[in-house]
Amino acid sequence: MIALATVTSGVAVAIMPGGRTTHSIFTISLSPTETTLCGISNQSGQVELLRKAKLIIWDESPMAKKFAIETIDRSSEVS
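Below, the structure is looked at part by part.

Quick notes on the rules
- Residues numbered from 1 in each chain as written.
- Predicted model: local features only at pLDDT ≥ 70, side-chain atom pairs only at ≥ 80, totals over all residues.
- Heavy atoms only, no water.
- Salt bridge = Lys/Arg side-chain N within 4 Å of Asp/Glu carboxyl O.
- Helix = DSSP H or I, 4+ residues; strand = E, 2+ residues; numbered from the N terminus.
- Buried < 20%, exposed > 50% of the residue type's maximum accessible area, 1.4 Å probe, protein only.
- Polar contact = N/O pair within 3.5 Å; in protein donor to acceptor, adjacent residues only side chain to side chain.
- Contact = heavy atoms within 4.5 Å.

Details of the pattern of salt bridges
Counted according to the given criterion, the structure contains 2 salt bridges. With a shortest N-O distance of 3.7 Å, Arg51 and Glu48 are connected by a salt bridge. One end of the pair is Arg51 and the other is Glu48, both in helix H3 (residues 45–52) and 3 residues apart, which spans about a single turn. Looking at Arg51, the relative accessible area reads 44%, which means it is partly exposed. For Glu48, a relative accessible area of 36% puts it in the partly exposed group. In this structure, Glu70 and Lys66 form a salt bridge, with 3.8 Å as the shortest nitrogen-oxygen distance. With a gap of 4 residues between them, Glu70 and Lys66 both fall in helix H4 (residues 66–78), about one helical turn apart.

Spelled out as structure tokens, the structure:
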């Protein structure tokens, strides 16, 4: 089983070994809108990892912008 851990802020990444921000993992624009999609190529190894993940732990998700969360949801429906 693959689980991914991510955080909203760069400050939290500093204390998480091997951590990456949600914007980095999902290639989300820093200013997402209601139509933004993740910028991950369908041929990348990263998208394969995301497809295999059974669990995504998003620390500080309440601090994330609404459109960032919706971008991930929208992108998962497309792929």
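Some words on the side chain of Thr8
Within the fold, Thr8 resides in the loop between strand S1 (2–7) and helix H1 (10–14). On the accessibility criterion, Thr8 (18% relative accessible area) is buried. A polar contact is formed between the side chain of Thr8 and the side chain of Trp58, at a distance of 2.8 Å. Polar side-chain contacts of Thr8 include one of 2.9 Å to the backbone oxygen of Glu60. Setting aside residues up to four positions removed in sequence, Thr8 forms contacts with Thr21, Thr22, Trp58, Asp59, Glu60, Ser61, Met63 and Ala64.

Quick notes on the environment of Met16
Relative to the helices and strands, Met16 resides in the loop between H1 and helix H2 (22–26). For Met16, a relative accessible area of 22% gives the class partly exposed. The residues contacting Met16, other than those within four sequence positions of it, are Ala5, Thr6 and Val7.

Concerning the environment of Trp58
Mapped onto the secondary structure, Trp58 falls in strand S2 (residues 53–59). Note on Trp58: relative accessible area 18%, which makes it buried. Residues within four places of Trp58 in sequence aside, it is in contact with Thr6, Val7, Thr8, Thr22, Ala64, Ala68, Ile69 and Ile72. Among the polar contacts made by the side chain of Trp58, one reaches the side chain of Thr22 at a distance of 3.1 Å.

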